[in-house]
Each structure stands twice: as C-alpha cells, then as structure tokens.
Amino acid sequence: MKGSRLELHDLVFGGVVTVDTAAGPKRVLKFSAGSVTIRDLKMAVPVGPQIQHIDGAPGSTSTLRGDGITMYVESLTGTLSGVEGVPVPPVLRLHLTPDTIPEWLYDTVGKLDLKLQLGLDDADIDQAGQTGGKLSIPGIHGYGTPR
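Reference entry: report on the structure contained in this document.

Conventions and cut-offs
- Residues numbered from 1 in each chain as written.
- Predicted model: local features only at pLDDT ≥ 70, side-chain atom pairs only at ≥ 80, totals over all residues.
- Heavy atoms only, no water.
- Phe/Tyr/Trp six-rings, centres within 6.5 Å; stacked < 30°, edge-to-face > 60°.
- Helix = DSSP H or I, 4+ residues; strand = E, 2+ residues; numbered from the N terminus.
- Buried < 20%, exposed > 50% of the residue type's maximum accessible area, 1.4 Å probe, protein only.
- Core = buried A, V, L, I, M, F, W, Y, C linked by side-chain atoms within 4.5 Å.
- Contact = heavy atoms within 4.5 Å.

Describing the packing of aromatic side chains
Each aromatic ring pair is summarised here by two numbers: the centre-to-centre distance and the angle between the ring planes. Tallied over the entire structure, the rule returns one aromatic pair. Relative to Phe31, the ring of Phe13 lies with its centre 5.3 Å away and its plane at 50 degrees, an arrangement referred to as tilted. With Phe13 in strand β1 (residues 2-21) and Phe31 in strand β2 (residues 24-39), this pair connects stretches of sequence that are 18 residues apart. Phe13 gets classed as buried once you look at its relative accessible area, which sits at 5%. By relative accessible area, which is 4% here, Phe31 ends up buried.

If you want it as structure tokens, here you go:
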C-alpha cells in the first residue's frame, strides 16, 4: 500500500508479533489505530500469476475507519511530517521493520500504550494482514498486471 500522505490517528504500537500467512509464519509490527487516511492510495497484491491493483482517484483521500483496526506490518517507510498534529520539517525518513524498530518506539511508546497522531509523506506500507475498520476509496479503479 502506498500513498503520498499517510495519517495514523490514535496509533498504538503493540510490539513485534508472529502471524501465520499463506507463505508461512512472519514476524511483523502490530499497530492498532482509531482511523487511517491515505492520500493517492495505491495497493497491489500478488494473486496467482498476476498482481491485482486497486488505486484511488488521483488527489483523493481514502479512509479506514471503524472499530478494531489492527495492522500487521512487515515494513513501514515514509518521511515523518507530523507528530501530534504539529508539522515537522521533512528531515527524518523512517524505515520500520521487526528487525529495525527504534528503541524509543519499542521500549518507550510501546510499553506506555500511548495513542499517537502521526503523519508520513511518501509512505509505503507492506502489510502481512489487517483486521477491522471499513475502507472507503474514492474513484476506485482495479486492474491486473502480470507478475
């Protein structure tokens, strides 16, 4: 899943967990969120001999809202652009994986169960799975391409 801007509201870091996938067990980062917004959404999922794509309309903002949003993330990459609603200079490029999680997130934020408001520009999320919430994609367009 990619987007020009990703906003994570009431984000709680749940640590590193192992989930079962079709490809076998994977270590992932577990996040819960109150809501998620993604500008210029582009998603791609391998299905058999193809990659299935789902895109939102250019310039649109897709939303994920509802109860029990949990994301199991293999990697999260983006330029930090806001914390707690305060814009920050685009100087910190984050790349979070189960093996590269920074101490401040794992040992401090995760243990305190804090709800964060984070904004990331040029975001790329590789998810192993997701539960809860309802995804709304304005101008949805789906298509397939060969692998």
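Concerning the nonpolar core
The biggest cluster of nonpolar side chains holds 27 residues, and the ones touching the most others in it are Leu6, Val36 and Met71. Mapped onto this core, the elements with two or more residues apiece are β1, β2, β5 (61-83), β7 (93-96) and β8 (116-131). The element that contributes the greatest number of residues to this core is β5, accounting for six residues. Discounting chain neighbours no more than four positions away, the residues touching Met71 are Leu8, Leu11, Leu29, Lys30, Phe31, Ala33, Val36, Gln127, Gly129 and Gln130.

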